[in-house]
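Below are the chains, spelled out letter by letter.
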Amino acid sequence: MKALVVHKPKAVSVSDWDDPAPASGEVVVTVASCGVCGTDRHIAEGTYPATYPNVLGHEIAGTITSVGQGVTDFREGDRVAVDPNIADHECPPCKRGEVNLCEHLVAIGVSRAGGMAPNVAVPAGQLYKIPPDLSLEEAAFAEPLSCIIHGLDRVKLQPGGTVAILGAGSIGLLAQQAVREFAASVIVSEPNAARREIAESLGADEVYTPEMIEHDSHTEEYDLVIDCTGSAGALPTAIRLARRGADILLFGVAPSGAKAQVEPYELYRKELRIAASNLNPFTMEKAVAMLASRTVKVDGIVSHVVSLDELPQLLLNAPPPGEVKAALRFS
């Protein structure tokens with residue numbers, strides 16, 4: 001089959017790859033939709049630890065077309081979303097229940113073949129069935145949404161709380177909806193006008209540019225500040241926006257080695273809690289349910305639908321103007 005293969009950093013092409021057959025305990029999923037994540041770009045550039053050569057893609061939804069020996073809970077024709085993060089369940093973090101911190105984690109699309117191909121082999125334990133009224137295109141958002149849910153599980157937000165979200169890429173747009181079951185108000189800061197419009201259409205109470213947020217006239221403080229930018233420079237802004245006793249969630253992934261300059265006295269004075277979030281332990285089922293109930297809507301978040309042949313150029317270049325989220329889809 002033809003697949004999007006990253007051969008080594010900065011060497012990406014549509015190339016021949018063996019069509020997968022399911023090993024014992026696995027199924028083969030025929031991919032309908034696979035989201036393009038910032039991690040995919042980092043792997044293509046060589047700035048994220050990964051296996052080379054490999055097929056990229058970890059935000060996957062599709063239909064089971066082949067079932068391996070020993071699989072009893074799934075059958076051909078089942079529509080599924082994929083949790084790409086495979087823990088060994090034997091190392092110390094796993095035994096503590098911290099499977100996202102597994103010392104031997106294997107990730108589909110990172111260290112084993114992923115979903116930027118017509119077919120992908122997946123251990124059955126990584127699959128979640130999709131309700132009939134949820135499309136495969138929507139279900140491909142289950143993995144990023146499940147990561148957001150885990151992040152929100154790590155902070156405190158009382159019903160009626162106020163939330164500030166820094167960054168309205170696809171993650172920020174999902175996050176602003178996911179907090180709605182608790183938050184009385186959600187404000188979003190985003191430099192891109194098109195993304196600000198989408199944030200507004202998805203129910204943000206106020207939408208600002210970063211300059212507006214940074215201006216001295218903006219004195220409002222928030223119960224929870226979520227950084228979805230992945231910029232180390234967002235942390236001082238988050239500290240300034242947090243009320244005394246608030247939580248800050250660092251969700252965006254800053255580049256390795258990036259430094260943020262903060263004033264420890266402010267952390268002390270405000271008694272702030274800063275949490276980071278890594279992957280999606282035990283949150284995929286809730287993510288599928290939130291998508292199926294339309295608690296989180298993904299209409300309008302995908303700005304670019306791409307073919308396999310268009311992926312190399314997309315991954316090796318800066319995001320095109322107006323990109324919010326790109327997705328590979330097989331017709």
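Scroll up a little and you will see the structure.
These lines cover the structure that appears in this document, whether it is placed above or below. A quick note: this is a predicted structure, and the numbers were derived from the prediction, not measured.

### A look at the overall build of the chain
Now for step 1: Of regular secondary structure, the chain possesses eleven helices and 18 strands.
Now for step 2: Compactness check: the chain gives a C-alpha radius of gyration of 20 Å against a globular reference of 20 Å for 331 residues, within 12% of the reference.
Now for step 3: In the chain, which comprises 331 residues, the proportion classed as buried is 52%.
Now for step 4: A separation of at least 24 residues holds for 68% of the contacts in the chain among residues at least 6 apart in sequence.
Now for step 5: About 15000 Å² of surface is accessible on the chain, with carbon and sulfur atoms providing 51% of the total.
Now for step 6: Counting 27 positive and 42 negative side-chain charges, the chain places the averaged centre of each group 3 Å from the other.

### Quick look at the packing of helix α4 (residues 142-153) against helix α5 (residues 170-178)
Now for step 1: It is the contact of α4 with α5, at a shortest axis distance of 10 Å, that shows an interaxial angle of 55°. On the basis of the axis angle, α4 is oblique to α5. As α4 packs across α5, the resulting crossing turns out to be right-handed. Contacts between α4 and α5 involve P144, L145, I148 and L152 from the first element and I171, L174, A175 and A178 from the second.
Now for step 2: Its residues assigned to classes, the contact of α4 with α5 shows eight nonpolar, no polar and no charged.

### Here's the deal with the sheet that holds strand β15 (residues 242-250)
Now for step 1: Taken together, the six strands give an open sheet; going across it, the order is β13-β12-β11-β14-β15-β16, and neighbouring strands pair in parallel fashion. Edge positions in the sheet fall to β13 (206-208) and β16 (273-276), since each of these pairs with one other strand and no more. Strand-to-strand, the axes of this sheet are offset by a mean angle of 20°, without reference to chain direction.
Now for step 2: Bridge count between β15 and β16: four bridges; the pairing is parallel. Its bridge partner being in β16, I248 is matched across the sheet by I274.
Now for step 3: Set on the sheet, helix α8 (residues 234-241) makes contact with β11 (161-166), β14 (222-227), β15 and β16; between it and β15 the angle comes to about 150°.

### Examining the state of the cysteines
Now for step 1: Within this structure, the stated rule accounts for zero disulfides.
Now for step 2: This cysteine, C228, is not joined by any disulfide, and C147 carries the nearest cysteine sulfur, 12 Å off.
Now for step 3: Given a relative accessible area of 13%, C228 falls into the buried group.

### Some details on the sheet that holds strand β1 (residues 2-8)
Now for step 1: Ordered in space as β2-β1-β4, the three strands form an open sheet in which the pairing is antiparallel. Across the chains shown, the open sheet's two edge strands, defined by having one partner strand only, are β2 (11-16) and β4 (54-55).
Now for step 2: Pairing of β1 with β4 involves two bridges; the strand directions are antiparallel. Bridge pairing in β4 links V6 to N54.

### Considerations on the environment of A87
Now for step 1: With respect to the secondary-structure elements, A87 resides in the loop between β7 (85-86) and α2 (92-95).
Now for step 2: On the accessibility criterion, A87 (14% relative accessible area) is buried.
Now for step 3: The residues contacting A87, other than those within four sequence positions of it, are C94, V99, C102 and L105.

### Considerations on unusual backbone geometry
Now for step 1: Residue P53 is reached from Y52 by a cis peptide bond, and omega for that bond is -10°.
Now for step 2: Take P53: it is sitting in the loop between α1 (38-45) and β4.
Now for step 3: The backbone phi angle of H89 is positive, close to 60°, even though this residue is not glycine.
Now for step 4: For H89, the position within the fold is in the loop between β7 and α2.
Now for step 5: Positive phi outside glycine occurs at R294, with the angle close to 65°.
Now for step 6: Looking at where R294 falls in the secondary structure, it is placed in the loop between α10 (284-292) and β17 (304-306).
Now for step 7: Residue R294 is classed as partly exposed on the basis of its relative accessible area, which comes to 31%.

Reading the values: rules and limits
Residues numbered from 1 in each chain as written. Predicted model: local features only at pLDDT ≥ 70, side-chain atom pairs only at ≥ 80, totals over all residues. Heavy atoms only, no water. Helix = DSSP H or I, 4+ residues; strand = E, 2+ residues; numbered from the N terminus. Rg over C-alpha atoms; globule rule 2.2 N^0.38 Å. Buried < 20%, exposed > 50% of the residue type's maximum accessible area, 1.4 Å probe, protein only. Contact = heavy atoms within 4.5 Å. Areas by Shrake-Rupley, 256 points an atom, 1.4 Å probe, with all protein chains shown as cover. Lys, Arg positive; Asp, Glu negative; His and termini not counted. Charge placed at Lys NZ, Arg CZ, Asp CG, Glu CD. Axes fitted to C-alpha atoms, helices over the stretch in contact; angles between N-to-C directions. Parallel < 35°, antiparallel > 145°, perpendicular 65-115°, else oblique. Left-handed = near helix turned anticlockwise from the far one by under 90°. Nonpolar A, V, L, I, M, F, W, Y, C, P; charged D, E, K, R; others polar. Pairing = 2+ DSSP bridges. Disulfide = S-S within 2.5 Å.

Honestly, it's all geometry; don't read function into it.
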